[in-house]
Amino acid sequence: MEIKIDNDRSNNSHFSYNTGEPGLIVLLVDQTSSTGRTASDKQNTIAELITKSVNSLIMNLILSNIGSHGTIKDRAFISIIGYGGIGVNSVEIIHSDSLSAFADNPLRTEKVKKKVVDGAGKLVEIEEKMAIWLENKSNGIPPENFNFLLNHLNIWHYHKGINYPKTSIIHFCEDEKEGFRSLLNSFKWDNKPYESPTIIEKLFV
Amino acid sequence: MNNSKQWSSATPGYIIFLVDQSGSMGEDYTGGKNKAEFTALVINRTINDLIFTNSAGDKIKDRVFISIIGYGGQGGNSVDDIRSDYLSAFADSPLRTEKVKKKVSDGAGGLVEIEEEMAIYLEPTCPRNGLTPMGEALDFAKQLIEGWINKKPDNPAPVIINVSDGMPYTGGSANDDAEKAITVANSIMNINTNDGNPIIFNVHLGQPPFNESKFESSESKISDDQGKMLFKISSKVPETYRDAARKHEFVTSEDSRGFVSNAGPETLIKFINFGSSGGTDRIV
């Protein structure tokens, strides 16, 4: 499984996982009040764009990991962690599970309109069901620091051990958050010789 | 005036489609079609839609003059004026018609396939020995534009839509070819008309997974050489075109350049519809 995120700021935008060495993908979501402002597309708020992007990424991960018999290959474990969404400087683990469990248990589905090629040189609109794992929120302020991420990674490895050495953090945010990158760049696993996490910041304007 | 003049029968607009017909356009693109076939399909459909939009009863209003220029399509560094005509002439005499299968809404969110006749004005071609003389094609377009402006000084500023799948290449130094294309493009974008400068929009056909770079406002934000090149030869999106961009789901800022690099099929269609819209579909 390979992941490429567009328009990102990353220390390694390509990373690959497999069922023998599954990865942990942390989707860190900015849900602070400032994401409630209108985005540059003038049609969505920043929070709406972030939510769409996260849900769409999870759907793409699921679709790209369907095995020959229709089962989902658990090449990754996904954690969605939001900050600000439930007020002040809150941090919330919104959903944390294997890829197949995400596929089986979306929060809900929603009808969305999508344009597809009509076969004759134009686009035609269709309606399709989109699974939703993250709801749109824009509330509090950023946390004082991102130490909770380090705890999450270490707790994860404490429970899962050597089979999950590869970790990636994709930060969906409005702007670069002070302390985030330097904290993760200096991160060392507790007594483990793993690579540092891959960090991707996907900025929304 | 800055690209705000409306297309009308009295003052028609001018669209030039520059079409890369080099050998690499024979690569698979989408839906069983190669890049040349899909590009021709989209341009043919766009012209048919323009004809439909500008029809009043049996009469076609000549609110736009269209040139289709192919480069590389006759092999080597050929540049061909495939067809230059008013809209009504296109409507009256297509090359031929072809049955195409088209998906339409079934009214319940799904699609149903129908077959319909489509008029064809541009045939797909991509000979193996066809190179990519983009600078030469832009030079030819420049001559067409200068001739048009001499005859039609009060008309809307012309628009070039360049569709390609690669960097300029005439068989010699790739850097020289790129420099030529940049120089000619800039000379076109500096021509003065009563409606501002002619516009150049560029779309580059990509390969899956289509990591698109589009409408960037700064070259420093673009990581690939292809995108940087397109940035240099594309006009800033005029304010009058930004609503059309939004309508086609493109995000622009006031400094955005009109280009897409590594375009997938949906984006190619949207981009050509945007570029040929006459701005905000400003038709009187």
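These numbers come from a predicted model, not from an experiment. Going along each chain's sequence as written, the residues are numbered from 1 onward. Labels are handed out in written order, letters beginning with A for the chains and numbers beginning with 1 for the ligands. Reporting of local features is limited, given that this is a predicted model, to residues whose pLDDT is at least 70; pairs of side-chain atoms are given and counted only at 80 or more, and all residues count toward the totals for whole chains, interfaces and linings.

Here we look at the overall build of chain A
Phase 1: Looking only at helices and strands, chain A has four helices and 10 strands in total.
Phase 2: Secondary structure elements in chain A, listed N-terminal to C-terminal, are β-β-β-β-α-β-β-α-β-β-α-β-α-β.
Phase 3: Residues counted as buried form 34% of the 205 residues belonging to chain A.
Phase 4: Here the contacts in chain A between residues at least 6 apart in sequence split such that 71% fall between residues at least 24 apart. Elements are defined by DSSP. Helices are runs of H or I of four residues or more, strands are runs of E of two residues or more, and each kind is numbered from the N terminus. In this scheme the burial state of a residue depends on its C-beta neighbours within 10 Å: 20 or more other such atoms mean buried, 12 or fewer mean exposed, and anything in between means partly exposed; the C-beta positions come from the backbone. Contact definition: two residues whose C-beta atoms, as placed from backbone geometry, lie within 7 Å.

Here we look at the overall build of chain B
Phase 1: Tallying secondary structure elements over chain B gives seven helices and 13 strands in all.
Phase 2: Among the 284 residues that make up chain B, the fraction classed as buried is 50%.
Phase 3: By sequence separation, contacts in chain B at least 24 residues apart represent 75% of the contacts at least 6 residues apart.

Observations regarding the environment of B:Pro12
All names here are of chain B.
Phase 1: Following the sequence through the fold, proline 12 ends up in the segment before strand E1 (13–20).
Phase 2: The class for proline 12 is buried, based on 22 C-beta atoms found within 10 Å.
Phase 3: Spatially, the C-alpha atom of proline 12 lies 8.9 Å from that of tyrosine 86, the residues being 74 residues apart in sequence.
Phase 4: Setting aside chain neighbours within four positions, we find proline 12 in contact with Trp7, Asp62, Arg63, Val64, Phe65 and Asn155.

Some remarks on the interface of chain A and chain B
Phase 1: Contacts between the two partners involve 17 residues from chain A and, on the opposite side, 25 residues from chain B.
Phase 2: Those elements that place two or more of their residues in the side of chain A that touches chain B are strand E7 (108–117) and strand E8 (123–132) of chain A.
Phase 3: Ranked by residues supplied to the side of chain A that touches chain B, first place goes to E8(A) with five residues.
Phase 4: Side-chain classes are defined by residue name, with Ala, Val, Leu, Ile, Met, Phe, Trp, Tyr, Cys and Pro counting as nonpolar, Asp, Glu, Lys and Arg as charged, and the others, Gly among them, as polar. The residue inventory of the side of chain A that touches chain B, partitioned by class, reads five nonpolar, three polar and nine charged.

Observations regarding the pairing of strand E13 (residues 259–263) of chain B
All names here are of chain B.
Phase 1: In terms of burial, E13 is largely enclosed, as five of its five residues are buried.
Phase 2: We treat two strands as partners when DSSP finds at least two bridges between them. Bridge analysis of strand E11 (residues 199–205) against E13 gives three bridges, and the strand direction is parallel. Bridge assignment links asparagine 202 to a residue of E13, and that residue is phenylalanine 259.
Phase 3: Note: strand E12 (residues 213–214) against E13, two bridges, orientation antiparallel. Bridging from a neighbouring strand, lysine 214 pairs with valine 260 of E13.

Structural notes on the sheet that holds E11(B)
Residue and element names in this part refer to chain B.
Phase 1: Strand order in this open sheet of seven strands is E7-E6-E1-E10-E11-E13-E12, and the pairing throughout is mixed. Of all strands in the sheet, those bounded by a partner on one side alone are strand E7 (79–86) and E12.
Phase 2: Strands in contact with helix H3 (residues 134–151) are E1, strand E6 (64–71), E7 and strand E10 (159–164); relative to E6, the strand with the most contacts, it is inclined by about 155°. Interaxial angle, 0 to 180 degrees, is taken between N-to-C directions of lines fitted to C-alpha atoms, where a helix line uses only the stretch in contact.

Examining the nonpolar core
Phase 1: One nonpolar core equals one set of buried Ala, Val, Leu, Ile, Met, Phe, Trp, Tyr and Cys residues connected by C-beta atoms within 7 Å. By size, the foremost hydrophobic cluster in this structure holds 74 residues, and its most contacted members are B:Phe17, B:Leu18, B:Ile69, B:Ala137, B:Ala141, B:Ile160 and B:Ile161.
Phase 2: In terms of residue count, the dominant contributor to this core is helix H1 (residues 35–53) of chain B (nine residues).
Phase 3: The contacts of B:Ala141, once residues within four sequence positions are left out, are B:Ile16, B:Leu18, B:Ile69, B:Ile160 and B:Ile188.
Phase 4: A:Ile78, A:Ile81, A:Ile170 and A:Cys173 belong to the second largest nonpolar core, which has 38 residues in total.

A look at the pairing of strand E10 (residues 198–203) of chain A
Residues and elements named next belong to chain A.
Phase 1: The element E10 is extensively covered by neighbouring structure, given that five of its six residues are classed as buried.
Phase 2: By the bridge criterion, six bridges tie strand E9 (residues 166–173) to E10 in an arrangement that is parallel. Across the sheet, residue serine 168 finds its bridge partner in E10, namely threonine 198.

Some details on the packing of H1(B) against helix H7 (residues 265–275) of chain B
Residues and elements named next belong to chain B.
Phase 1: Where H1 contacts H7, the two axes come as close as 10 Å, and the packing angle between them is 35°. Regarding H1 and H7, the two cross each other, and that crossing is right-handed. Across from Phe38, Val42, Ile43 and Thr46 in H1, the residues of H7 making contact are Pro265, Leu268, Ile269, Ile272 and Asn273.
Phase 2: Among the residues making up the contact of H1 with H7, the classes are represented as seven nonpolar, two polar and no charged. A crossing counts as left-handed when the near helix is turned anticlockwise from the far one by less than a right angle, and as right-handed when that turn is clockwise.

So, H3(B)
Phase 1: An ideal rise of 1.5 Å per residue puts 26 Å on 18 residues; H3(B) measures up with 26 Å between its terminal C-alpha atoms.
Phase 2: Among the residues of H3(B), B:Met134, B:Gly135, B:Glu136, B:Ala137, B:Leu138, B:Phe140, B:Ala141, B:Ile145, B:Trp148 and B:Ile149 are the ones counted as buried. Here the expected length of a helix is defined as 1.5 Å per residue gap, with one fewer gap than residues.

Observations concerning the packing of H3(B) against helix H4 (residues 174–189) of chain B
All names here are of chain B.
Phase 1: Between H3 and H4, whose axes approach to 8 Å, the crossing angle comes to 15°. Taken as axis vectors, H3 and H4 run roughly parallel relative to one another. In this structure, H3 meets H4 at a crossing whose hand is left-handed. Along its contact with H3, which presents Met134, Gly135, Leu138, Asp139, Ala141, Lys142 and Ile145, the element H4 presents Asp177, Lys180, Ala181, Val184, Ala185, Ser187 and Ile188.
Phase 2: Looking at the contact of H3 with H4 residue by residue, the class counts come to eight nonpolar, two polar and four charged. Roughly parallel refers to an angle under 35 degrees, roughly antiparallel to one over 145, roughly perpendicular to one between 65 and 115, and oblique to any angle outside these ranges.

Some remarks on helix H3 (residues 147–160) of chain A
All names here are of chain A.
Phase 1: If you check H3, its first and last C-alpha atoms are 20 Å apart, about what 14 residues at 1.5 Å a residue would give, namely 20 Å.
Phase 2: Along H3, the residues that are buried comprise Leu149, His152 and Leu153. The buried side chains of H3 occupy one side of the element, clustering within an arc of 95° when seen end-on. Every exposed residue of H3 that faces more than 90 degrees away from the buried side is listed here: Asn147, Asn151, Ile155, Tyr158 and His159.
Phase 3: The elements touched by buried residues of H3 are strand E4 (23–30), strand E5 (76–83) and E9. This arc is taken over the directions from the axis of the helix to the C-beta atoms.

Focus: the confidence of the model for chain A
Phase 1: The quantity called pLDDT is the predictor's confidence in a given residue, expressed from 0 to 100. For chain A, per-residue confidence averages 83 on the pLDDT scale, and 84% of positions sit at 70 or higher.
Phase 2: Per-element confidence in chain A ranges from a low mean pLDDT of 53 for strand E2 (residues 8–10) of chain A to a high of 95 for helix H2 (residues 99–104) of chain A.

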